[in-house]
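Remarks on the overall topology
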Amino acid sequence: TDVCKNTLYNYIKIGLFDGVTMNTLPCPRKRQNKGIVVRRVALNNSVCKSIEDRDKAIKNRDEYGHWEMDTVIGKAKGKGQVLLVLTERSTRQEIIMKLRHKTAAEVVHALNRLERRYGRRFPLLFKSITVDNGAEFMDCTGMEKSYRSKAQRTKIYYCHPYSAWERGSNENANAMIRRFIPKGTPIENYSEQDIQRIQDWMNRYPRKILDYKCSDDLFLAHLKTL
């Protein structure tokens, strides 16, 4: 028997499922506030490229290889280990990496590790990365340049300050990670295997937006074309 999404929501609202209410759902529906004025501030680092300079085609999510990147902190802001989270815009493929500190140098080292993993395919898989204006992302030159040849390996674009919605897929991924790692929990409490299990769960999760396919299937299909 096929049961549509609206039927399931109606069952929850009338209390058909014991212990499940609209308030206990992992992602409850939020009312949208109308008439909000978004404060848009120009990027004050002239060396870096603003999201306004990003190719308009990236917004359509038609081409693979355009990522959003953010960090997820543990117990204390700016102290201890953090997670570096990359979300591919078209397939929602997730890459989660542990960093020893929330610094620009650690972010560059993490991208170097990814480049070593994917080799010459890295520029094809990571055509652009959109980040916020956090201090850990301020070394745009280090993030863009290959550690092997010093040639450009990717393009870095910066969102407007106070505009997390410009990395909406990344923010949604962070919320899913918080199901496993609640706020205030030290990242040190989780092993590399724990982080890998979270990443695998997210990449094998069927999504309506992907026609109920999972990110891993789409990612592997793209790899075969390279």
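Refer to the preceding data block for the structure.
Residues numbered from 1 in each chain as written. Predicted model: local features only at pLDDT ≥ 70, side-chain atom pairs only at ≥ 80, totals over all residues. Heavy atoms only, no water.

What about the side chain of Thr130?
Note the threshold: The way it works is that DSSP assigns letters per residue, a run of H or I at least four long becomes a helix, a run of E at least two long becomes a strand, and they are numbered from the N terminus. Each polar contact in these results corresponds to two N or O atoms within 3.5 Å; when the atoms are within protein, one needs to be able to donate a hydrogen and the other to accept it, and residues that are neighboring in sequence are counted only if both atoms are side-chain atoms. Residue contacts are defined here by distance: any two heavy atoms, one from each residue, within 4.5 Å place the two residues in contact.
The topology assignment puts Thr130 in strand β5 (residues 128-131). In terms of polar contacts, Thr130 uses its side chain to reach the side chain of Arg54, at 2.9 Å. Non-local contacts of Thr130, meaning those with residues more than four positions away in its chain, are made with Ile51, Arg54, Trp67, Glu68, Met69, Tyr157, Cys159 and Arg167.

Notes on helix α3 (residues 104-118)
The cut-off we apply is this: Working rule for helices: expected span equals 1.5 Å times residues minus one. For each residue, the accessible area found with a 1.4 Å probe, counting protein chains only, is set against the maximum for its type, and the residue is called buried under 20%, exposed over 50%, and partly exposed in between.
Over its 15 residues, α3 runs 21 Å from end to end, which matches the ideal 21 Å to within 8%, given 1.5 Å per residue. Among all positions of α3, only Glu106, Val107, Val108, Ala110, Leu111, Asn112, Leu114, Glu115 and Tyr118 are buried. Following α3 by one or two positions, Gly119 has its phi on the positive side, about 60°.

Considering the pattern of salt bridges
Rules: Salt bridge, as applied in this entry: a Lys or Arg side-chain nitrogen positioned within 4 Å of an Asp or Glu carboxyl oxygen.
Under the counting rule described, the total for this entry stands at 11 salt bridges. Taking the shortest distance from any N to any O, the salt bridge between Glu106 and Arg100 comes out at 2.9 Å. Connected through salt bridges with shared partners, the residues Asp70, Asp132, Arg167 and Glu171 form a single ionic network.

Looking at the pairing of strand β6 (residues 155-158)
Applicable threshold: Two strands are said to pair when DSSP picks up at least two bridges between them.
Examined bridge by bridge, strand β1 (residues 49-50) and β6 share two bridges and lie parallel to one another. The partner of Lys49 across the bridge, within β6, is Tyr157. One ladder, built from four bridges, connects β5 with β6; its direction is parallel. The residue of β6 that forms the bridge with Ser128 is Lys155.

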